[in-house]
Amino acid sequence: MLPAPLAVYRRLLEAYGAQGWWPVTPSGGRRPRYRPGGCGRLAERQRLEVCLGAILTQNTSWGNVEKALARLHEAGVRDLEGVLAQPARRLQGLIRPSGYFRQKAKKLKAFARHLAGCGGKVGPWLGGDLRQRREELLGLYGVGPETADSILLYAGGRPSFVVDAYTLRIGARLGWFRKASYHQAQSYLTRRLPEDAGLYNEFHALFVEHAKARCRKAAPLCQGCPLREVCRYGGAR
Ligand code: SF4
């Protein structure tokens, strides 16, 4: 029998603890920090930072995103007006550590212009109809499903499950799905989980942690894995 997603979630939470996603820069701080046990409401500035980070993290490591965000902070680009006011070349230079900086500067600008046209505040804007907001995000230049769901979940606190390569890998090894599309994996999980933004927040972060700590692409560390008892792949090794 396949393990229930909620049972997998509980095992991962027990093994790794709360992850405190999404990291944001605290008031007066210079770099984003994880907030295990303190995932309360975000300030508007932090919500915008999550949105920018969700775009900047495409095809790069989080360490590079942190560097880009720190450079934006140091340059005084801390709010929507700041992003909109930056000439393209300067914005490209500031976010250079995140890679693909020309494209990403265009994406940040497109996102910022859209947000400005929707009232300029991330919190109220993302608080609207969930399907509509997701469609809107998906219509923006450079925003795919993973980025859209990350923005909705981590900046807006909305129940929009984020799927990534780690989710697909772990889900396939557990036996939940094989060669699933983003949408197939997302609907497999959301049909079996309570619709709860806090749970979605933590589950995605735990998948990432587990994939890095044990369930690696090559040579996963199945010996001692908290999911081994319920894992089809690990159980057969
Ligand atoms: S038992 Fe192995 S394959 Fe299964 S989840 Fe754990 S590390 Fe991944």
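Keep in mind it's a predicted model, so treat the numbers as computed, not measured. (Residues numbered from 1 in each chain as written. Predicted model: local features only at pLDDT ≥ 70, side-chain atom pairs only at ≥ 80, totals over all residues.)

### Focus on helix 6 (residues 101–117)
- Taking 1.5 Å of rise per residue, the 17 residues of helix 6 would be expected to cover 24 Å, and the 24 Å separating its terminal C-alpha atoms lies within 8% of that figure.
- When helix 6 is considered as a whole, its buried residues turn out to be Lys104, Ala105, Lys107, Leu108, Phe111, Ala112 and Leu115. Down the axis, helix 6 shows its buried residues gathered within 160° of arc, on one side only.
- Where helix 6 ends, the next residue or the one after it, Gly119, has phi of about 105°, a positive value. (Helix = DSSP H or I, 4+ residues; strand = E, 2+ residues; numbered from the N terminus. Expected span 1.5 Å × (residues − 1). Buried ≥ 20, exposed ≤ 12 C-beta atoms within 10 Å, placed from the backbone. Arc of directions from axis to C-beta.)

### Re the nonpolar core
- In terms of nonpolar packing, the biggest core is built from 55 residues, with Val50, Cys51, Leu108 and Ile151 touching the most fellow members.
- Residue contributions to this core peak at seven residues, all from helix 2 (residues 44–56).
- Taken domain by domain, this core gets at least three of its residues from each of domain 1 (5–20 + 161–235) and domain 2 (44–155).
- Every residue in contact with Ile151, bar those within four places of it in the chain, is listed here: Val50, Cys51, Ala54, Leu137 and Gly156. (Core = buried A, V, L, I, M, F, W, Y, C linked by C-beta atoms within 7 Å. Domains from an automatic or database assignment. Contact = placed C-beta atoms within 7 Å.)

### Observations regarding the packing of helix 2 against helix 6
- Put simply, helix 2 and helix 6 touch, their axes get as near as 10 Å, and they point 145° apart. The two elements helix 2 and helix 6 meet at a crossing, and its hand is right-handed. For the pair helix 2 and helix 6, contact is made by Cys51, Leu52, Ile55 and Leu56 and by Lys104, Lys107, Leu108 and Phe111, respectively.
- Residues of the contact of helix 2 with helix 6, tallied by class, amount to six nonpolar, no polar and two charged. (Axes fitted to C-alpha atoms, helices over the stretch in contact; angles between N-to-C directions. Left-handed = near helix turned anticlockwise from the far one by under 90°. Nonpolar A, V, L, I, M, F, W, Y, C, P; charged D, E, K, R; others polar.)

### Topic: the environment of Gly29
- With respect to the helices and strands, the residue Gly29 is situated in the loop between helix 1 (5–16) and helix 2.
- For the pair formed by Gly29 and Ala70, sequence separation is 41 residues and the distance between their alpha carbons is 9.5 Å.

### Looking at the site of the ligand
- Cys215, Cys222, Cys225, Cys231 and Gly234 are the nearest of the 13 residues found near the ligand.
- Contributing elements (two or more residues each) for the shell around the ligand: helix 10 (165–174) and helix 13 (232–235).
- Taken together, the residues of the shell around the ligand sort by class into nine nonpolar, one polar and three charged. (Near = placed C-beta within 6 Å.)

### Some words on the domain arrangement of the protein
- For the protein, the assigned domains read domain 1 (5–20 + 161–235) and domain 2 (44–155).
- One C-alpha centre belongs to domain 1, the other to domain 2; they are set 27 Å apart.
- Contact residues are listed per partner, giving eight residues for domain 1 and six residues for domain 2.

### Some remarks on unusual backbone geometry
- For the bond from Trp21 to Trp22, the omega torsion is -10°, close enough to zero to count as cis.
- Positionally, Trp22 belongs in the loop between helix 1 and helix 2.
- Not every positive phi belongs to a glycine, and Ala219 is a case in point at roughly 50°.
- Among the secondary structure elements, Ala219 is positioned in the loop between helix 12 (197–213) and helix 13.

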